[in-house]
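Here are the chains, one letter per residue:
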Amino acid sequence: MAYTWQYYDLVLLGVGGSMAVGAVVGLLTALSLQLAVIASGLVAVAIMGHGMFVNGPVDAPEDLTEEVDALN
């Protein structure tokens, strides 16, 4: 069975990839490492925000009000 990529796989790759690109840019260019990592961190925060709030893991806001029987 072949693995199919899901949206949240891409979110995780985007976060790790943006941080790696920031480190490489900081190391290989005249831009300071601190500034490059901070800038790439902001990109990672934007990707995480999209994954949590724009395309969240629930179908509808009503899904957030359902009780979880396993915890009771």
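As the structure is a prediction and not an experimental result, all values here were calculated from the model.

Draft legend 1. Layout of the overall build of the protein. Looking only at helices and strands, the protein features two helices and zero strands. Considering the protein as a whole, with its 72 residues, one finds that 14% of them fall into the buried category. Considering only intrachain contacts with a sequence separation of at least 6, the fraction spanning at least 24 residues in the protein is 46%. For the protein, the exposed area adds up to about 5,800 Å²; of that, 71% sits on carbon and sulfur atoms.

Draft legend 2. Geometry of the side chain of S40. Of note, S40 is situated in helix α2 (residues 33–54). On the accessibility criterion, S40 (7% relative accessible area) is buried. If sequence neighbours within four positions are ignored, S40 has contacts with S18, M19 and G22.

Draft legend 3. Representation of the environment of G16. With respect to the helices, strands and loops of the structure, G16 is situated in helix α1 (residues 7–28). Overall, the relative accessible area of 40% leaves G16 in the partly exposed class. Here the alpha-carbon distance between G16 and A44, two residues 28 residues apart in the chain, equals 7.8 Å.

Draft legend 4. Here's a closer look at the packing of aromatic side chains. Using the criterion set out here, one finds two aromatic pairs in the structure. With 6.1 Å between their ring centres and 80 degrees between their planes, Y3 and W5 make a pair best called edge-to-face. Owing to a relative accessible area of 56%, W5 belongs among the exposed residues under this scheme. A ring pair is formed by Y7 and Y8, whose centres lie 5.0 Å apart and whose planes are at 80 degrees; its orientation type is edge-to-face.

Draft legend 5. Layout of the packing of α1 against α2. It is the contact of α1 with α2, at a shortest axis distance of 7 Å, that shows an interaxial angle of 170 degrees. Our classification of the angle between α1 and α2 gives roughly antiparallel. The residues of α2 that touch α1, namely those facing Y7, Y8, V11, G14, V15, S18, M19, G22, A23, V25, G26 and L27, are L33, A36, V37, S40, G41, V43, A44, I47, M48, H50 and G51.

Draft legend 6. Up close: the environment of A39. As for its position among the elements, A39 is in helix α2. Sequence separation between A39 and G22 is 17 residues, and the spatial gap between their C-alpha atoms is 7.2 Å.

What counts, and at which threshold
Residues numbered from 1 in each chain as written. Predicted model: local features only at pLDDT ≥ 70, side-chain atom pairs only at ≥ 80, totals over all residues. Heavy atoms only, no water. Helix = DSSP H or I, 4+ residues; strand = E, 2+ residues; numbered from the N terminus. Buried < 20%, exposed > 50% of the residue type's maximum accessible area, 1.4 Å probe, protein only. Contact = heavy atoms within 4.5 Å. Areas by Shrake-Rupley, 256 points an atom, 1.4 Å probe, with all protein chains shown as cover. Phe/Tyr/Trp six-rings, centres within 6.5 Å; stacked < 30°, edge-to-face > 60°. Axes fitted to C-alpha atoms, helices over the stretch in contact; angles between N-to-C directions. Parallel < 35°, antiparallel > 145°, perpendicular 65-115°, else oblique.

Any link to function would need more than the numbers given here.
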